[in-house]
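One-letter residues, chain by chain:
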Amino acid sequence: GEDVLSKVRGSASGNFTLKGFLRNPEMDGSLTLKGAGLTFPYLNIDYNLAEDTSIGLQGQSFVFNNVGMRDTKFGTRGVLSGDITHQNFEKWSLNLDIDSNNLLVLNTKDSPEALYYGTGFIDGSASITGLTSSITITVNAKTMPRTKFVIPLKDIASVDNYRLIHFKSEKTLEDLQKELAIGAIEGVSLNIDLEVTKD
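A brief look at the structure comes next. Remember, it's a predicted structure, so these values are computed and weren't measured experimentally. (Residues numbered from 1 in each chain as written. Predicted model: local features only at pLDDT ≥ 70, side-chain atom pairs only at ≥ 80, totals over all residues. Heavy atoms only, no water.)

Below, the discussion takes up the nonpolar core. If you look at the biggest cluster of nonpolar residues, it comprises 36 residues, and the most contacted ones within it are Phe 40, Tyr 47, Leu 49, Phe 64, Leu 80 and Ile 128. Every element with two or more residues in this core is listed here: β2 (26-40), β3 (45-49), β4 (53-59), β5 (61-71), β6 (77-87), β7 (91-108), β8 (117-131) and β9 (135-143). The element contributing the most residues to this core is β7, with seven residues. Other than its neighbours up to four places away in sequence, Tyr 47 contacts Arg 9, Gly 37, Leu 38, Phe 40, Met 69, Arg 70, Asp 71, Thr 72, Leu 103, Leu 104 and Val 105. (Core = buried A, V, L, I, M, F, W, Y, C linked by side-chain atoms within 4.5 Å. Buried < 20%, exposed > 50% of the residue type's maximum accessible area, 1.4 Å probe, protein only. Helix = DSSP H or I, 4+ residues; strand = E, 2+ residues; numbered from the N terminus. Contact = heavy atoms within 4.5 Å.)

Attention shifts here to the pattern of salt bridges. Tallying each qualifying case throughout the model produces three salt bridges. Here Arg 9 makes a salt bridge to Asp 46, at a shortest N to O gap of 2.8 Å. Of this pair, Arg 9 sits in strand β1 (residues 6-19) while Asp 46 sits in strand β3, and the two are 37 residues apart along the sequence. Judged by its relative accessible area of 18%, Asp 46 is buried. In this structure, the salt-bridge partner of Glu 90 is Arg 23, at a minimum N-O distance of 3.5 Å. With Glu 90 in the loop between β6 and β7 and Arg 23 in the loop between β1 and β2, this pair connects stretches of sequence that are 67 residues apart. By relative accessible area, which is 52% here, Glu 90 ends up exposed. By relative accessible area, Arg 23 is classed as exposed at 58%. (Salt bridge = Lys/Arg side-chain N within 4 Å of Asp/Glu carboxyl O.)

Here we come to a nonpolar patch on the surface. A contiguous nonpolar surface patch, about 350 Å² in accessible area, is contributed by Leu 190, Ile 192, Leu 194 and Val 196. Take Leu 190: it is sitting in strand β13 (residues 188-195). The exposure class of Leu 190 is partly exposed, given its relative accessible area of 35%. (Patch = residues over 30% accessible without salt bridge, like charges linked within 9 Å, V, L, I, M, F, W, Y side chains within 5 Å. Areas by Shrake-Rupley, 256 points an atom, 1.4 Å probe, with all protein chains shown as cover.)

A few words on the pairing of β3. Most of β3 is tucked away: four of the five residues are buried. When β2 meets β3, the two strands line up antiparallel, connected through four bridges. The partner of Gly 37 across the bridge, within β3, is Asn 48. As consecutive antiparallel partners, β2 and β3 are separated by four residues, and within that stretch Asn 44 has a phi angle of approximately 55 degrees, a positive value. One ladder, built from three bridges, connects β3 with β5; its direction is antiparallel. Across the sheet, Asn 48 pairs through a bridge with Arg 70, a residue of β5. (Pairing = 2+ DSSP bridges.)

Interpretation note: all reported values are geometric properties and have no functional meaning in isolation.
Set out below in structure tokens:
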């Protein structure tokens, strides 16, 4: 999983066949997981998968079909679907969707290089797609109680209340956005469509 997935854990049992080249075989069958879980380091979230989760093996893909998941810190729940695909067990690609009516999706702390941090709970969906070296995280949801999301304004000359946030600076907003984008974590793209509630 490189830096995108870590602490992948659990045991697997089941029946499957492997055909073709040893370095990139075609898989067919299914596995039942016990004690399974994984962590998304960029978001600092650890999830346990439901006991006796069944995943399919198709071609070069591990397929997740409506797998229950629970975060290990607050106990919120969601459903995971999609697949993880490999090429020669070296290049890994993710196509995962997560749905929930209340799920922890962010649990990071402030740091000198943080572009955002906080604790986020959502009602909605999130997807994680692309090669592990160039991942895209897309969120379409609304915030739930206990959410605290902070965007540090370290490089902004001054802040003034106008609608939500209004920036005053010698630099244009476009210049500031470019600087923030350049400083973002390489290989990660975030697309967030979020309804922010009073919670």
